[in-house]
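This is what each chain is made of:
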Amino acid sequence: MIGEYVKPGISTEDLDNVCNAFILKRGGVSACIGYHGYPKFTCISIGDTVCHGIPDSKTILKDGDIVNVDVTTIVDGYYGDTSRTYLVGNVSKEAAKLVEVAKKCLEIGISEVRPGNRFGNIGYAIANYAEKFGYGVVRDYTGHGTGIYFHEEPYIVHKAPKDSGAKMEAGMVFTIEPMINLGTHKTKLLSDEWTVKTFDGKLSAQFEHTLLVTEDGCEILTVAD
Ligand code: MF3
Ligand code: CO
Ligand code: CO
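Residues numbered from 1 in each chain as written. Chains lettered and ligands numbered in written order. Predicted model: local features only at pLDDT ≥ 70, side-chain atom pairs only at ≥ 80, totals over all residues. Heavy atoms only, no water.

Enquirer: Looking at this model, I keep getting lost on the coordination of the cobalt ion (ligand 3). Mind explaining?
Expert: Octahedral six-donor coordination of a metal ideally yields angles of 90 or 180 degrees, compared with 109.5 degrees for tetrahedral four-donor coordination. On the protein side, the cobalt ion (ligand 3) has Asp70 (OD), Asp70 (OD), Asp81 (OD) and Glu208 (OE) as donor atoms, found 2.0 to 2.3 Å from it. In this structure, the cobalt ion (ligand 3) is coordinated by 6 donor atoms arranged in irregular fashion, with angles at the metal of 59 to 166°. Counting gaps between the donor residues of the cobalt ion (ligand 3) yields the pattern D-x10-D-x126-E. If you look at the cobalt ion (ligand 3) and the cobalt ion (ligand 2), they sit 3.3 Å from each other and are both ligated by aspartate 81. A residue pair is termed long-range when its members are at least 10 positions apart, and aspartate 81 in strand β5 (residues 78-87) and glutamate 208 in the loop between β13 (204-206) and β14 (209-214) qualify at 127 residues. Given a relative accessible area of 3%, aspartate 81 falls into the buried group. (Donors = N, O, S within 2.8 Å, 3.2 Å for Na, K, Ca; no water. Tetrahedral: all angles 85-135°; square planar, octahedral: opposite > 155°, others 65-115°. Helix = DSSP H or I, 4+ residues; strand = E, 2+ residues; numbered from the N terminus. Buried < 20%, exposed > 50% of the residue type's maximum accessible area, 1.4 Å probe, protein only.)

The following block contains the structure:
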């Protein structure tokens, strides 16, 4: 629902408040505020911010930006974690391609989710695709088990050797959330101790869903009903 508000001129704090009002209206609460001291309801990451951008009244979207909105809610004790990257106004071809490939990376990762497949094949498939474009696949942050906690095992890396890791089993719930960089995969943490930027200042894009492993494949839990 936040997509219709993503326009040049709006502050990331306004987007954060719109998300929170919607979450509350639907019977949830934000999992982010207060999590290890995190100060806002969502994470909003523009441009070369990889993840965990802190919404701020002075941070205003402008034409040509790419912006990720990452929302995690708790409903009846259960966590759901999802994000997508939006194009703000007219975006360069280079940025739009990065966002398109990042979206495809999530879809490719999801297509590996079924009982008996190994977690490493998620990261193997994602990196194999993203690196064809010369993009960097972030290694410093991962997908994660979730459900009754925000983050728990297993941690799902988005670049991995083929057939590595544990086997997926029906009933497991976890996220896939590839962060794909135009340049280097390396990141740096700002002094606010939340905001993660690309090391080289180039763009980064991300998409995330929470998945349930079912008997015959997977269900995406974070889609609109
Ligand atoms: N939603 C992020 C994730 O995908 C985590 C944000 S933690 C916060 O795992 F504290 F910054 F909200
Ligand atoms: Co997550
Ligand atoms: Co998230």
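Alright, that's what it looks like, and here's the rest.
Enquirer: I tried to follow the nonpolar core on my own but got confused; where do I start?
Expert: Side chains of nonpolar character tend, in soluble globular proteins, to be buried together. Counting residues in each nonpolar core, the largest one holds 31 residues, and the members touching the most others are Ile122, Phe174, Ile176 and Ile180. Elements with a minimum of two residues in this core: α2 (93-110), α3 (120-130), β9 (173-176) and β14. For this core, the leading source of residues is α2, giving 9 residues. Excluding residues within four positions of it along the chain, isoleucine 180 makes contact with Leu98, Ala102, Cys105, Ile126, Ala130, Tyr135, Gly136, Val137, Leu203, Ser204 and Ala205. Membership of the second largest hydrophobic core comes to 14 residues, among which are Val6, Cys19, Val69 and Val71. (Core = buried A, V, L, I, M, F, W, Y, C linked by side-chain atoms within 4.5 Å. Contact = heavy atoms within 4.5 Å.)

Enquirer: Just checking my understanding: could you explain the pairing of strand β15 (residues 217-220) for this structure?
Expert: Each regular strand displays side chains that alternate between the two surfaces of the sheet. Pairing of β14 with β15, which is carried by 4 bridges, proceeds in the antiparallel orientation. Across the sheet, the residue bridging to valine 213 is cysteine 218, located in β15. (Pairing = 2+ DSSP bridges.)

Enquirer: Sorry if this is basic, but what is going on with the packing of aromatic side chains here?
Expert: Aromatic rings in a pair are described by how distant their centres are and how their planes are angled relative to each other. Counting across every chain of the model gives 6 aromatic pairs. Consider the rings of tyrosine 38 and tryptophan 194, whose centres lie 4.9 Å apart with planes at 85°: the pair is edge-to-face. With tyrosine 38 in the loop between β1 (29-30) and β2 (43-46) and tryptophan 194 in the loop between β11 (187-189) and β12 (196-198), the pair connects residues that are 156 residues apart, well separated along the chain. Pairing tyrosine 129 with phenylalanine 133 gives two aromatic rings, centres 5.1 Å apart and planes at 70°, and the pair type is edge-to-face. (Phe/Tyr/Trp six-rings, centres within 6.5 Å; stacked < 30°, edge-to-face > 60°.)

Enquirer: Where do I start with the pairing of β5 in this structure?
Expert: One ladder, built from 10 bridges, connects strand β4 (residues 66-75) with β5; its direction is antiparallel. When the sheet's bridge partners are listed, valine 67 is paired in β5 with tyrosine 86. From the end of β4 to the start of β5, which pair antiparallel, there are 2 residues, and aspartate 76 there has a positive phi angle of about 50°.

Enquirer: What is the right way to read the coordination of the cobalt ion (ligand 2) from this model?
Expert: The cobalt ion (ligand 2) binds to the protein through Asp81 (OD), His144 (NE2), Glu177 (OE) and Glu208 (OE); the donor distances cover 2.0 to 2.2 Å. Around the cobalt ion (ligand 2), the 6 donor atoms are arranged such that angles at the metal cover 51 to 161°; this shape is classified as irregular. Site description for the cobalt ion (ligand 2): donor spacing in sequence, D-x62-H-x32-E-x30-E.

Enquirer: Looking at this model, I keep getting lost on the pattern of salt bridges. Mind explaining?
Expert: Opposite charge on two side chains makes pairing possible when the charged atoms of those side chains draw close. One pass over the structure, following the stated rule, counts 7 salt bridges. Here glutamate 13 ties to lysine 40 by a salt bridge, and the two come within 2.9 Å at their closest N and O atoms. Here glutamate 13, found in helix α1 (residues 12-25), pairs with lysine 40, found in the loop between β1 and β2; they are 27 residues apart in sequence, far enough to count as distant. You can call glutamate 13 partly exposed: its relative accessible area is 23%. (Salt bridge = Lys/Arg side-chain N within 4 Å of Asp/Glu carboxyl O.)

These results come straight from atomic positions and should not be treated as a statement about function.
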